[in-house]
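Letter by letter, the chains look like this.
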Amino acid sequence: MSDLQNANPTIYEVTKKPTRVHRPEDDDEGVADLFDADEVFELIRHINDPEHPLTLEQLNVTQLDKISVDPEASHVTVRFTPTIPHCSMATLIGLCIRVRLLRSLPDRFKVDIMVTEGTHQSEHAVNKQLNDKERVAAALENSHLLEVVNQCLKTTIDK
């Protein structure tokens, strides 16, 4: 890892507690659980950065206010912010976010993963790759790439 693109990233303070507030209806098995931005953030905040021993939340790559959920339309949009405008890991980070949500959310959800507007020099190309089903499927067929994604998705509660 001597060829880090961003050798000294800014590290942000993270929330120690889950951001989602427990509601009484959460315990009622008779009430359908609606997904919200807080729940999606909880799913992605501890994803490990592929270059650094830090989480995406610690690097401010993922932020609660950049997640939108429309439970009626079963649609989730996550915008993420790479640490530098020419980050070559942006597609891999987005792929990790997509895989975490694909593995965690019910199949009915359509998920869009995008680079936050104006934060990456190739944002349109990255967004196109991350939201093309065939490209994502092909990427996940690559055993080495899948191993890297799975490594990024290994998280601990201590973070």
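Residues numbered from 1 in each chain as written. Predicted model: local features only at pLDDT ≥ 70, side-chain atom pairs only at ≥ 80, totals over all residues. Heavy atoms only, no water.

Under an unreviewed UniProt entry, the protein has the name Mitotic spindle-associated MMXD complex subunit MIP18 and belongs to Rhizophlyctis rosea. Heading Sequence similarities (unreviewed entry) of the UniProt record for the protein holds this comment: "Belongs to the MIP18 family." (UniProt positions renumbered as here; feature names shortened; annotations may be inferred.)

Student: Explain the overall build of the protein residue by residue, including any values.
Tutor: The helix and strand inventory of the protein stands at 5 helices and 3 strands. In sequence order, the secondary structure elements of the protein are arranged as α-β-β-α-β-α-α-α. Out of the 159 residues in the protein, the part that is buried amounts to 42%. Within the protein, residue pairs in contact and separated by at least 24 positions form 65% of the contacts whose partners lie at least 6 positions apart. Approximately 9400 Å² of the protein is accessible, and the part contributed by carbon and sulfur atoms is 51%. (Helix = DSSP H or I, 4+ residues; strand = E, 2+ residues; numbered from the N terminus. Buried < 20%, exposed > 50% of the residue type's maximum accessible area, 1.4 Å probe, protein only. Contact = heavy atoms within 4.5 Å. Areas by Shrake-Rupley, 256 points an atom, 1.4 Å probe, with all protein chains shown as cover.)

Student: Could you give an account of the layout of surface pockets, with specific residues and numbers?
Tutor: The computed volume of the largest pocket comes to approximately 310 Å³. Taken together, 16 residues form the lining of the largest pocket, with Arg98, Leu102, Phe109, Val111 and Lys133 sitting closest to its centre. For the lining of the largest pocket, the per-class residue count stands at 9 nonpolar, 1 polar and 6 charged. (1 Å grid on protein atoms, 1.4 Å probe; cavity = no way out; pocket = protein on both sides within 12 Å on 5 of 7 lines; lining within 4 Å. Points joined across faces, edges and corners; volume = space filled by probe spheres on them. Nonpolar A, V, L, I, M, F, W, Y, C, P; charged D, E, K, R; others polar.)

Student: Just give me the short version of the sheet that holds strand E1 (residues 67-70), but keep the residues and values in it.
Tutor: Here 3 strands make up an open sheet; going across it, the order is E1-E2-E3 and the pairing mixed. The sheet is open, and its two borders are formed by E1 and strand E3 (110-115), each paired with just one other strand. Across this sheet, the average inter-strand angle for adjacent strands is 10°, counted without regard to direction. Here strand E2 (residues 75-80) pairs with E3 via 6 bridges, running parallel. Along E3, the bridge assignment pairs Phe80 with Val115. (Pairing = 2+ DSSP bridges. Axes fitted to C-alpha atoms, helices over the stretch in contact; angles between N-to-C directions.)

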